[in-house]
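Chain by chain, the residues:
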Amino acid sequence: MDEVRERIQDDLRGLLEGTVYADDVTLQLYATDASIYQIRPSAVVCPRSVADVVAVVRYAGENQIPIHARGAGTGLAGESLGPGLVLDFSRFMRRLVSVDDDSVRVQPGLVLERLNQQLYGRQRCFGPDPAMSHVTTMGSVIAIDAAGSHWLRYGSARRHIRSLQVVLADGSVLEVGREPTDGEISGGANARKRELVADLATVLERHAEPIKRQRTRSLVNRSGYALGGMLVDGQLDVAKLLCGSEGTLALVTEATLDIQPLPRQRGVALLFFDRLEAAARAVSEIVPLGPSACDLMDRRHLSLAREHEPRFEKLIPSNAEAVLIVEQQADTAAEVREGLRRIIDQTRRRRMAFDARQAFDRDDIELFWQLAHRVVPTLYRLRGSSRAVPFVEDIAVPPDALPGFLTEMQNVLKRHLVTASLYGHAGHGQLHLRPFLDLADPASIDTMRRLASDLYDAVLAVGGTISGEHGDGLSRTSFVRRQYGELYPVFGEIKRVFDPQNLFNPGKVIGDDPDLLTKNLRPLPTVAPPVEPAPLELATPQPTAVELATELVAAAPVAPPVVELQLSWNLEQMAEVAGSCNGCGSCRSQAPDVRMCPIFRYAPAEDASPRAKANLMRGVVTCEMAADTLATHEAKAVADLCVHCHQCRLECPANVDIPRLMLEAKASYVAVHGLHFRDWVFARIDAVSALGHRLAPLANRLIGNRQARWLAERLLGIARARKVPRFARQTFLDRARRRGLTRPTRRTGPKVLYFVDTYANYHDPQLADALVAVFEHNTIAVYVHPEQRASGMSLIAAGALEQARAVAAGHVRMLAEAVRQGFSIVATEPAAALALTWEYPALLNDEDSRLVADNTSEACAYLAQLHRSGKLALDLAPVNASVGYHLPCHLRALGVGSPGESLLRLIPALRLQRIDKGCSGMAGTFGLRQENFRNSLRAGIGLISAVRDRAIQVGATECSACKLQMEQGTTKPTIHPLKLLALSYGLMPEVASLLSRRSGELVVT
Ligand SMILES: Cc1cc2nc3c(=O)[nH]c(=O)nc-3n(C[C@H](O)[C@H](O)[C@H](O)COP(=O)(O)OP(=O)(O)OC[C@H]3O[C@@H](n4cnc5c(N)ncnc54)[C@H](O)[C@@H]3O)c2cc1C
Ligand code: SF4
Ligand code: SF4
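Residues numbered from 1 in each chain as written. Chains lettered and ligands numbered in written order. Predicted model: local features only at pLDDT ≥ 70, side-chain atom pairs only at ≥ 80, totals over all residues. Heavy atoms only, no water.

Caption draft 1: Examining the overall build of the protein more closely. When you go through the protein residue by residue, the secondary structure sums to 43 helices and 32 strands. Along the three orthogonal principal directions, the C-alpha set of the protein runs to about 95 × 75 × 55 Å. Within the protein, counting contacts between residues at least 6 apart in sequence, those at least 24 apart form 75% of the total. Counting only carbon and sulfur atoms, one obtains 50% of the accessible surface of the protein, whose full area is about 38000 Å². Across the protein, the centroid of the 116 positively charged side chains sits 8 Å from that of the 113 negatively charged ones. (Helix = DSSP H or I, 4+ residues; strand = E, 2+ residues; numbered from the N terminus. Contact = heavy atoms within 4.5 Å. Areas by Shrake-Rupley, 256 points an atom, 1.4 Å probe, with all protein chains shown as cover. Lys, Arg positive; Asp, Glu negative; His and termini not counted. Charge placed at Lys NZ, Arg CZ, Asp CG, Glu CD.)

As structure tokens, then:
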């Protein structure tokens, strides 16, 4: 860290209760958002209180350093990026302060969807629904004047603002709302507020005429400052004026907002069109009929939807060129149906829509909206050099101009030889257009400039705006003057009233840099050697805020060009993966209906997000960070926040393989420093299990002894409060030898090689017995290779790749041979199946590892497939039990659905309840560790509570680690689905006695 950054960090740490970072790794994580830009800040501050915010603002003012407020960093125009101090409100200031029937008081970092979850019980919501509601923060919703699909019903955020607590650029704290301009200031009148209101009123009165003459006719407008209608009858609405100002005028530290009743009844229709223009024309027929939303999708989105989700394939006719998603809300179901009927009739009568589908129940409505919310982001999955680039993605035109404008828009695109995807809130004229460009091609940069310019001319010609809801940021600030003409200098005056030193987010909304659109572009992950920067010298006289910060950024450390990779891939491949993260921020989701990162879920800080990991690795491959960064403790701290569960890889709209990137990062650290002792213990948990088995009677007694557990915690780091599994006196491999299973079968017919792994071998041989019994019952011969060891997944997750590679190579040699002899490989432990199918090829990258991967299945998945082909024996006896099933992350990561659950559903009389509470919080050995124990429980509390529920008698899951968590804090057993299947086949009556002893209720008839 250079001297100046270190000084800033030390100074601020002395002033604040919150956290301050100026290390290279953290700055890299905050250098980007969901836009195409990158600017490294000079420090990152996570304030805990208003006092912290005031202290930062005063310090920044004294030292002339700009401040950039930030929420979730999902802005598409680079609004929150800058070279100064980034103030991350999402970390600590995220409380719902108070709530009553029609309003809430919130802190700025509160996530919109979490607010709405808390309002649900009162049948209330905050209506405006930007598409990223699951991560977007309330401070930003206000700062951007966010809106979404339901604008027709709720408008944008501005409509719902009552008052704001703000910190001004001089550090004063004001509560502002609708204020009289005659000096009778409400709410604790003070001189600063009087002065502010008077100055603002003077500017607005002086320029009343140009404000009135403003040409923008679109229903939404997020460009520039909102000055029209703010000063009415001697009242100035300072809060509404601040709304949409992108953190350039003041910092919001609390807000009082109106809330709305939840809609009682909803219905959604999909209207299909054979031409985009027909859909656009239909909008003006539909809107007068009072829908609450009317969104438009083009053909590209429809094809993606069909590929993405089989249900859409059935739903969307193949000849549809465009679709309108129309929602109707009302007090009664009949009104909703009637409303949709009128809309469908109208568009059919006018021969616009050729077909329609309707949804009235919650799941179907959700499915229809998934078209917009889940499919649009999958645009980022498209591979190839050209990507959908957001830079003109926020235009809005008056709805009556929409059909004509779409034609003009297509002409402009054609002129520039560019194709684009289009999604829009057509009901209010908002169009999200993303042209496909290859930003590695210098010609594309020029195309960006010319395309934006021509497109904006077309937009302004019909009275539209360059930004309807995302803001000006870095993409559009240079065009604000063109949109506003004579009004533009008035914005400058407003800025000077609030922020005379230009501290807050300088260069956004107001700025005359004609090249801003194409400056500061996020470097593409090419592997170029860096340029040595000049050493930073603090100039005398003092440089301006922007100059100082830019110098700080230029002084960022540089890398030697060589990065030594630990996985079997090259730098270009790693660059491709890191570069495929577009920064959308979806992986900050804590929403209950997605299984995003379990670590971020309980510790929602940017460094815990999957996005942070991609940003770190992009910094390394673009050589903006030193190649040895990955060997630093800061990088390790970020990498350790990944427990290798693979869930982000599945949920990420762009399918970024974050676990692989983090494997590389951890391995780089281990390659330099080796494993710390405790990391080694957990990486070799199989060795711990082997030792425990050797000492079995004693070890099992020690497990129940408090002093021994305390000692194990002190010496090995195993949490003393964690229920750990007992050790078997005889391993399954020994049993298998005795039973002759370790000799390959000579039988004809289907045969499997059972990959046993640690848990079934050392702790639960009964599970392995169940596998053998069930497979043999289905006339599938089972072979247990005697030389197999643990899969090495714990080594892999710890980054000990040298050892993991040796384990993988040994296994691949053995297993590939078996595959060639006609064996399929099955594993009862999902992590082992994942190691064989996903991790070994990444470690070895050879033909044999791919052969093994292609022929390996998780055991239940194998049987479920057998059932689908009609070959599974169905002589299943009833099992009268209520079973709560949990799908483990590592099984989910295999992409085979929920096979264990499907098998359990075949068992007569068994009442199965799926527990959908996300990750168990165990994440391999993560939850075993003393330092993680509490966090693990926090992450898994939903699952644990569900198992405790009286309605569930026993838990079921395939994963041994999840089983430990499900049994934590309850006496109910959790058992592998295969054991229940064996019980139902009548093959293992001992399972029933085991269960009935522990649950007291299970009955097999
Ligand atoms: C796939 C995708 C879809 C999107 N769809 C929509 C959409 O439908 N509608 C929509 O409106 N937007 C949309 N956006 C843009 C973005 O998600 C929203 O603008 C969102 O409100 C930004 O929230 P954030 O918390 O991520 O803010 P950030 O990006 O962190 O910040 C946004 C702005 O708010 C300012 N700010 C943050 N906190 C404060 C504060 N406390 N005080 C003052 N200023 C502050 C920042 O300085 C910055 O200017 C979309 C983005 C993506 C990636
Ligand atoms: S990892 Fe995926 S979800 Fe997260 S920011 Fe990147 S693209 Fe978005
Ligand atoms: S693999 Fe799991 S723990 Fe790691 S970043 Fe992704 S979701 Fe988080």
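Caption draft 2: Broad picture of the sheet that holds strand β4 (residues 85-88). Read from one edge of the open sheet, four strands run β1-β2-β4-β3, paired in mixed fashion. The sheet terminates laterally at β1 (19-21) and β3 (67-70), the two strands that pair on one side only. If you compare each strand with its neighbour and ignore which way they point, the axes differ by 20 degrees on average. Against the sheet, helix α1 (residues 3-15) makes contact with β1, β2 (43-46) and β4, and its axis sits at roughly 175 degrees relative to β1, the strand it touches most. (Pairing = 2+ DSSP bridges. Axes fitted to C-alpha atoms, helices over the stretch in contact; angles between N-to-C directions.)

Caption draft 3: Examining the site of ligand 3 more closely. Every residue close to ligand 3 is listed here: Cys597, Pro598, Pro610, Cys642, Val643, His644, Cys645, His646, Cys648, Ile658 and Pro659. Looking at the shell around ligand 3 residue by residue, the classes come out as nine nonpolar, two polar and no charged. (Near = heavy atom within 4 Å. Nonpolar A, V, L, I, M, F, W, Y, C, P; charged D, E, K, R; others polar.)

Caption draft 4: Layout of the site of ligand 2. Near ligand 2, the surroundings consist of Cys581, Asn582, Gly583, Cys584, Gly585, Ser586, Cys587, Arg611, Cys652 and Pro653. Counted by class, the shell around ligand 2 contains five nonpolar, four polar and one charged residues.

Caption draft 5: Quick peek at the sheet that holds strand β6 (residues 103-106). The five strands are arranged β5-β6-β13-β8-β9 in an open sheet whose pairing can be described as antiparallel. Two strands in the sheet have a free side with no partner beyond their single neighbour: β5 (96-99) and β9 (173-176). Sheet twist, expressed as the mean angle between neighbouring strand axes with direction ignored, is 15 degrees. The sheet contacts of helix α3 (residues 50-63) involve β8 (161-167), β9 and β13 (251-258), and relative to β8 the element is tilted by about 55 degrees.

Caption draft 6: Summary view of the environment of Val509. Residue placement: Val509 occurs in the loop between α18 (488-498) and α19 (545-554). Note: C-alpha distance between Val509 and Gly485 (24 residues apart in sequence) is 14 Å.

Caption draft 7: Inspection of the pairing of β6 at higher detail. Covered by surrounding structure in β6 are Ser103 and Arg105 together with Val104 and Val106, the residues of both alternating faces. Bridge count for β5 against β6 is three bridges, and the pairing is antiparallel. From the neighbouring strand, Val99 faces β6, where its bridge partner is Val104. (Buried < 20%, exposed > 50% of the residue type's maximum accessible area, 1.4 Å probe, protein only.)

Caption draft 8: Up close: the nonpolar core. Grouped together as the largest cluster of nonpolar side chains are 106 residues, with contacts concentrated most on Leu164, Leu271, Phe273, Leu324, Phe391, Ile494 and Phe498. Ignoring any residue separated from it by four or fewer positions in sequence, one finds Phe273 in contact with Ala278, Ala279, Ala282, Asn319, Ala320, Glu321, Ala322, Val323, Leu324, Met352, Ala353 and Phe354. With 75 residues, the next largest nonpolar core counts Leu571, Met596, Leu834 and Ala842 among its residues. (Core = buried A, V, L, I, M, F, W, Y, C linked by side-chain atoms within 4.5 Å.)

Caption draft 9: The pattern of salt bridges, seen in detail. For the coordinates displayed, the defined rule picks out 54 salt bridges. A salt bridge links Lys495 to Asp499; the nearest nitrogen and oxygen atoms lie 2.8 Å apart. On the accessibility criterion, Asp499 (1% relative accessible area) is buried. Here Glu847 makes a salt bridge to Arg850, at a shortest N to O gap of 3.6 Å. On the criterion of helical spacing, the pair formed by Glu847 and Arg850 is a turn pair, its members being three residues apart in helix α36 (residues 847-854). Assessed through its relative accessible area of 33%, Arg850 is described here as partly exposed. Residues joined in a network through salt bridges with shared partners are Lys636, Asp640, Asp679, Arg929 and Glu931. (Salt bridge = Lys/Arg side-chain N within 4 Å of Asp/Glu carboxyl O.)

Caption draft 10: How the structure looks around unusual backbone geometry. The phi dihedral of Asp757 is positive, around 65 degrees, even though this residue is not glycine. Within the secondary structure, Asp757 sits in helix α31 (residues 757-763). For Asp757, a relative accessible area of 11% puts it in the buried group. We note that Thr779 has phi near 55 degrees; this positive angle belongs to a residue other than glycine.

Caption draft 11: Representation of the packing of aromatic side chains in the model. Taken as a whole and judged by the stated rule, the model has eight aromatic pairs. Considering the side-chain rings of Tyr225 and Phe491, the 5.6 Å spacing of their centres and the 75 degrees angle between planes classify their relative orientation as edge-to-face. Here Tyr225 is found in the loop between α8 (208-213) and β11 (231-232), whereas its partner Phe491 is found in helix α18, with 266 residues between them in sequence. Both residues of the pair, Tyr225 and Phe491, count as buried. Members of the aromatic cluster, each reached through a chain of ring pairs, are Tyr225, Tyr484, Tyr488 and Phe491. We note Arg649 situated over the ring of Trp838; from NZ or CZ to the ring centre the distance is 3.7 Å. (Phe/Tyr/Trp six-rings, centres within 6.5 Å; stacked < 30°, edge-to-face > 60°. Lys NZ or Arg CZ within 6 Å of the ring centre and 35° of its normal.)

Caption draft 12: Here's a closer look at helix α40 (residues 933-948). Helix length check: α40, at 16 residues, gives a terminal C-alpha distance of 19 Å against a target of 22 Å (1.5 Å per residue), a shortfall beyond 12%. Helix geometry: α40 is bent most strongly at Gly940, by close to 65 degrees. On its buried face, α40 sits against α21 (598-602) and α41 (960-967). (Expected span 1.5 Å × (residues − 1). Bend = angle between axes of the 7 residues up to and from the residue.)

Caption draft 13: Broad picture of helix α22 (residues 610-621). For α22, built from twelve residues, the straight-helix expectation of 16 Å at 1.5 Å per residue is met to within 8% by its first-to-last C-alpha distance of 17 Å. Most of α22 sits inside the fold, with twelve of its twelve residues counted as buried. At its buried positions, α22 is contacted by α2 (24-29), β3, α20 (571-579), α23 (633-639), α24 (647-651) and α25 (658-673). Trailing α22 by a residue or two, Cys623 shows a phi angle of about 65 degrees, which is positive.

Caption draft 14: Fine view of the environment of Thr407. Mapped onto the elements, Thr407 comes out in helix α15 (residues 402-415). Under the relative-accessibility criterion, Thr407 is labelled partly exposed at 38%. Sequence separation of Thr407 and Phe273 is 134 residues, and the distance between their C-alpha atoms is 16 Å.

Caption draft 15: Just the state of the cysteines, in detail. Considering all chains together, one arrives at zero disulfides under this definition. There is no disulfide at Cys959, and the cysteine sulfur nearest it, in Cys962, is 3.6 Å away. On the basis of relative accessible area, Cys959 is assigned to the buried category, the value being 10%. (Disulfide = S-S within 2.5 Å.)

Caption draft 16: Quick peek at the side chain of Asn761. On the secondary structure map, Asn761 appears in helix α31. Overall, the relative accessible area of 6% leaves Asn761 in the buried class. Excluding anything up to four places from it in sequence, Asn761 contacts Gln730, Thr731, Phe732, Leu733 and Val756.

Caption draft 17: Geometry of the side chain of Gln38. Here Gln38 is to be found in the loop between α2 and β2. At 3.2 Å, the side chain of Gln38 forms a polar contact with the side chain of Arg618. Non-local contacts of Gln38, meaning those with residues more than four positions away in its chain, are made with Gln28, Ala31, Thr32, Leu81, Asn520, Leu521, Arg522, Pro523, Arg618 and Glu624. (Polar contact = N/O pair within 3.5 Å; in protein donor to acceptor, adjacent residues only side chain to side chain.)

Caption draft 18: Just the packing of helix α32 (residues 765-777) against helix α42 (residues 977-984), in detail. The geometry of α32 relative to α42 is characterised by a closest axis approach of 9 Å and an angle of 55 degrees between their N-to-C directions. As summarised for this structure, α32 and α42 are arranged oblique, according to the angle between their axes. Considering the relative orientation of α32 and α42, their crossing is left-handed. Listed contacts from α42 to Gln766, Leu767, Ala770, Leu771 and Val774 of α32 are Leu978, Lys979, Leu981 and Ala982. (Parallel < 35°, antiparallel > 145°, perpendicular 65-115°, else oblique. Left-handed = near helix turned anticlockwise from the far one by under 90°.)

Caption draft 19: Broad picture of the environment of Arg601. The residue Arg601 is located in helix α21 in this model. The partly exposed category is assigned to Arg601, whose relative accessible area is 25%. In this view, Arg601 contacts Ser589, Gln590, Ala591, Pro592, Val594, Arg595 and Met596; residues no more than four positions away in its chain are not counted.

Caption draft 20: Layout of the packing of helix α35 (residues 830-844) against α36. Where α35 meets α36, the closest approach of the two axes is 8 Å, and the angle between their N-to-C directions is 175 degrees. By the angle between their directions, the pair α35 and α36 is classed as roughly antiparallel. Seen from α35, the contacting residues are Leu836, Thr837, Tyr840, Pro841 and Leu844; seen from α36, they are Ser849, Arg850, Val852 and Ala853. Tallied by class, residues from the contact of α35 with α36 come to six nonpolar, two polar and one charged.

By themselves, these are just geometric observations and shouldn't be taken as functional.
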